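# Structural overview
In case you want the letters, here they are:
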Amino acid sequence: MSEPTVITMLINGAPATIEVEPRTSLADLIREELGLTGTHLGCEHGVCGACTILVDGEPVRSCLMLGVQADGKNITTIEGLADPISGEMHPIQKGMHEAHGFQCSFCAPGFLMSAVALLEDNPNPTRDQIREELGGNVCRCTGYKTILDGVEAAVSIKSGDNTSSTNLAAEVDR
Amino acid sequence: MKAPPFEYHRPSSLDEALGLLAELDEAKILAGGQSLLPLMSLRLGRPEHVVDIGDLGILDSLVVEPDGSVRVGALVTHRQVETSAEVAAHAPLLHAAAPMIGHRPIRTRGTVCGSIAHADPAAEMPAVALACNAAITAVSSRAAREIAAADFFEGYLQTVIEPDEIVTRVQFGPWPRHRRGAVVEQSRRSGDYAIIGLACWLDIEDNTITDAALSFFGVSDTPIRVAEAEDVLRGQAPTQSTFSAAGRTAAGVLRPTSDIHASANYRRHLAAVLTERGLAKATAESGETR
Ligand SMILES: Cc1cc2nc3c(=O)[nH]c(=O)nc-3n(C[C@H](O)[C@H](O)[C@H](O)COP(=O)(O)OP(=O)(O)OC[C@H]3O[C@@H](n4cnc5c(N)ncnc54)[C@H](O)[C@@H]3O)c2cc1C
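Model, not experiment: these values are computed from the prediction. (Residues numbered from 1 in each chain as written. Chains lettered and ligands numbered in written order. Predicted model: local features only at pLDDT ≥ 70, side-chain atom pairs only at ≥ 80, totals over all residues. Heavy atoms only, no water.)

What follows concerns the overall build of chain A. The number of helices and strands found in chain A is six helices and five strands. Secondary structure elements in chain A, listed N-terminal to C-terminal, are β-β-α-β-β-β-α-α-α-α-α. By the compact-globule yardstick of 16 Å for 174 residues, chain A fits well, its C-alpha radius of gyration being 17 Å. For chain A, the C-alpha atoms occupy an extent of roughly 60 × 35 × 25 Å along the three principal directions. Across the 174 residues that make up chain A, the buried fraction comes to 52%. Sequence separation of at least 24 residues holds for 55% of the intrachain contacts in chain A that already meet a minimum separation of 6. Carbon and sulfur atoms make up 51% of the accessible area of chain A, which totals about 7,900 Å². Taken together, the 11 basic and 24 acidic charged side chains of chain A have centroids lying 7 Å from each other. (Helix = DSSP H or I, 4+ residues; strand = E, 2+ residues; numbered from the N terminus. Rg over C-alpha atoms; globule rule 2.2 N^0.38 Å. Buried < 20%, exposed > 50% of the residue type's maximum accessible area, 1.4 Å probe, protein only. Contact = heavy atoms within 4.5 Å. Areas by Shrake-Rupley, 256 points an atom, 1.4 Å probe, with all protein chains shown as cover. Lys, Arg positive; Asp, Glu negative; His and termini not counted. Charge placed at Lys NZ, Arg CZ, Asp CG, Glu CD.)

In this section: the pairing of strand β6 (residues 135-139) of chain B. Residue and element names in this part refer to chain B. For β6, the tally of buried residues reaches five of five residues, placing the bulk of the element in the interior. Counting the residues between successive antiparallel strands, the hairpin from β6 to strand β7 (residues 144-148) contains four residues. Where β6 lies against strand β10 (residues 166-172), five bridges are found, and the strand directions are antiparallel. Among the inter-strand pairings, T137 is bridged to a residue of β10, identified as R169. (Pairing = 2+ DSSP bridges.)

Take the domain arrangement of chain B next. Residues and elements named next belong to chain B. Domain annotation for chain B reports domain 1 (7-52), domain 2 (57-172) and domain 3 (179-284). Each of domain 2 and domain 3 has a C-alpha centre, and these two points are 21 Å apart. Facing the 21 residues of domain 2 at the interface are 23 residues of domain 3. Buried area between domain 2 and domain 3, summed over both chains or domains, comes out near 1,700 Å², and the portion from carbon and sulfur atoms is 66%. Applying the counting rule to domain 2 against domain 3 returns zero salt bridges. On the surface where domain 2 and domain 3 come into contact, there are six residue pairs in polar contact (both at pLDDT 80 or more). Those elements giving two or more residues to the side of domain 2 that touches domain 3 turn out to be α5 (92-97), α8 (124-131) and β8 (153-155). Of the residues belonging to the side of domain 2 that touches domain 3, the class tally is 15 nonpolar, three polar and three charged. (Domains from an automatic or database assignment. Buried area = accessible area lost by both parts, 1.4 Å probe. Salt bridge = Lys/Arg side-chain N within 4 Å of Asp/Glu carboxyl O. Polar contact = N/O pair within 3.5 Å; in protein donor to acceptor, adjacent residues only side chain to side chain. Nonpolar A, V, L, I, M, F, W, Y, C, P; charged D, E, K, R; others polar.)

Taken together, the contact pairs 28 residues of chain A with 29 residues of chain B. When the two sides are added together, the surface that chain A and chain B hide from each other amounts to roughly 2,500 Å², 52% of it contributed by carbon and sulfur. For the pair chain A and chain B, the number of links is seven salt bridges. Taken together, the connections running from chain A to chain B amount to 12 residue pairs in polar contact (both at pLDDT 80 or more). Secondary-structure elements contributing two or more residues to the side of chain A that touches chain B are β4 (58-61), α3 (108-121) and α4 (127-133) of chain A. Across the side of chain A that touches chain B, the residue classes tally to 12 nonpolar, seven polar and nine charged.

Shown next as structure tokens:
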């Protein structure tokens, strides 16, 4: 129906029941109805990657899913990465911070969610694997190097290895 | 960049879905949405009704049959195919093509059957289906029918599927033991649609090519097999010079057009290059002598 439908989903661990018009994308639902504006919208047709979120743990473009299709799904956005109680940043956030991953950061939420999905499947990716997996996210500031460094820093942080800043120094020539 | 309004339907059974498609005008099936939703956002598509088949659990199976054929239900995603060891073993071309499609978040939702039904001539899956002459099953409230991939594609985004039909599955026949295949493509950036690509296989017995398929995408308004170049391969030894001869023939036969991405001449050049590269890759990966 083109009338609003009521859907229920888990958003960053919390249940939400909400009315949504069929033509509203999941991205617009998250930003405008739920007020979670951390998810950014760039191209709105799946090409730029800024709106990438996790649905049932898998990365998807939230601009290419209807809000109504999120009924019964478990959604994670950038707001769901930090520890909800202590507020401690997720390793990928710490890694990007350490490596000065971004400049303007418009693309950051999409990159971070793509990187989280990658590290979930492959906790110790090679530089090429990171490059391949993040190939669907566009950044117009950095030239990507510092973003790849940030993912590598996150890998070190996750594995409890605190030498990541030395690794970065060794990588300057790469 | 917002989709125009439409009526949304989410049937919970195949019969209900088929009933809706039979009775509604201007209805579109929504599978993964990775082609339909961008078209709607760009307002290139304005269906009045969208029938979401996402709840039809009966369509979600990915099965290897006892005879080795692989059955891919309508809800099976590119990502499922990409990560399945069974698909790698029994439908190697399908498995090889999947990671070339867009990027991972596109593959999380995009479906193999949706890609075939959408029939973008630059897409990988239609060309793979054609290379393997896969059987596509379409069901409506009137009847069920099986369509060979060779009879399925009619033109740019055009297939023989009627508006009231759902593609319920695509079935890839058993992959013979002596068959070697590969998918190769040239695109501007990794993850982009190909400027041109090739899904190919060779049957090799006693160092002789007994049968071959060369199925190109991005060179015509449908995926296209080049019988003349396949003929060049049959009966020959699988050598570099045989592959080059087939590539020259393919480049001579194909009539690609020029567009913003590449000129017709460049596409013809790439057809020859990809034929050599694809056949070399197919035979190299199998450990066959070249
Ligand atoms: C950024 C981006 C990059 C992409 N890159 C590539 C690429 O490199 N190569 C490539 O091949 N594709 C690419 N795609 C498209 C992707 O492969 C889609 O998944 C695929 O084309 C359609 O599958 P879907 O399940 O998403 O179908 P949908 O978008 O849901 O549907 C597409 C069309 O097929 C019809 N349809 C779908 N399922 C059925 C069915 N079971 N029966 C009858 N009709 C049906 C729909 O009505 C609609 O007309 C890309 C998409 C994006 C957004």
